[in-house]
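Results of the structural survey
Given next are the chains, with one letter for each unit.
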Amino acid sequence: MWAKSLSPSLLHGKLTGRIIIAFFEVYNELGHGFLEVVYHAALARALRDHGLHVDREVPIDVFFRQIVIGRFHADLVVEARVVGELKAVRRILPEHEAQLLHYLRATAMEVGLVLNFGPRPDFKRLIYSNSMKQPRYPR
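Residues numbered from 1 in each chain as written. Predicted model: local features only at pLDDT ≥ 70, side-chain atom pairs only at ≥ 80, totals over all residues. Heavy atoms only, no water.

Pairing in this open sheet of five strands is mixed, and the strands run 1-2-3-4-5 from one edge to the other. Each edge of the open sheet carries a strand with a single partner, namely strand 1 (54-64) and strand 5 (121-127). Taken pair by pair, the neighbouring strands of this sheet meet at an average axis angle of 35°, ignoring direction. Of the pairings in the sheet, the one linking strand 3 (residues 82-87) to strand 4 (residues 111-117) comprises six bridges and is parallel in character. Each residue of the ladder has a partner; that of E85, found in strand 4, is V114. (Pairing = 2+ DSSP bridges. Helix = DSSP H or I, 4+ residues; strand = E, 2+ residues; numbered from the N terminus. Axes fitted to C-alpha atoms, helices over the stretch in contact; angles between N-to-C directions.)

Take a look at the structure:
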C-alpha cells in the first residue's frame, strides 16, 4: 500500500514516499506505546537524517473576514510542502483526517500525511488542492 506514495506522478510523491519510509523506520525501532511527543522527536530526527528540512509545531493562523481569529500548530512540516499530523492511537479516525484537511485549508500546502504510531503502523495521504481554497490573507 505505501509503495504507491513513492510514485513520482503523485503530487509530492517522492517526498511523501521518503517521509513514509522514515515513519516505518521510527515505528520499527520504537514500536508503539510512547506518547506522541516521543514520535514527533524521533520522526523529525529520522527525516533530518534523510536530508530533509523539518519544522516542528509550526504555527498557522486561521482567518475569518480577513482577521486572525485563531492559531493552531501543525506537528511537522517537511520541506515546506507536506504537513504531517502524528497520532499514537488505536486507529486513524475520520476526525484525524478532518483535522489534517483543516490544516491544509489554512495553508498553501496541498499534501498532508496522518501518521499513526498505534498498535499497527498506519498512514493516510490527503490532498487539498489550492484551487479549492479560499484566498489566504497575509499576516
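What follows concerns the pattern of salt bridges. Side-chain pairs of opposite charge can arise where the charged atoms are in close proximity. A full pass over the atoms with the stated rule returns three salt bridges. A salt bridge links D61 to R71; the shortest N-O distance between them is 2.9 Å. Of this pair, D61 sits in strand 1 while R71 sits in strand 2 (residues 67-78); the two residues are ten residues apart in sequence, bridging distant segments of the chain. For D61, a relative accessible area of 5% translates into the label buried. (Salt bridge = Lys/Arg side-chain N within 4 Å of Asp/Glu carboxyl O. Buried < 20%, exposed > 50% of the residue type's maximum accessible area, 1.4 Å probe, protein only.)

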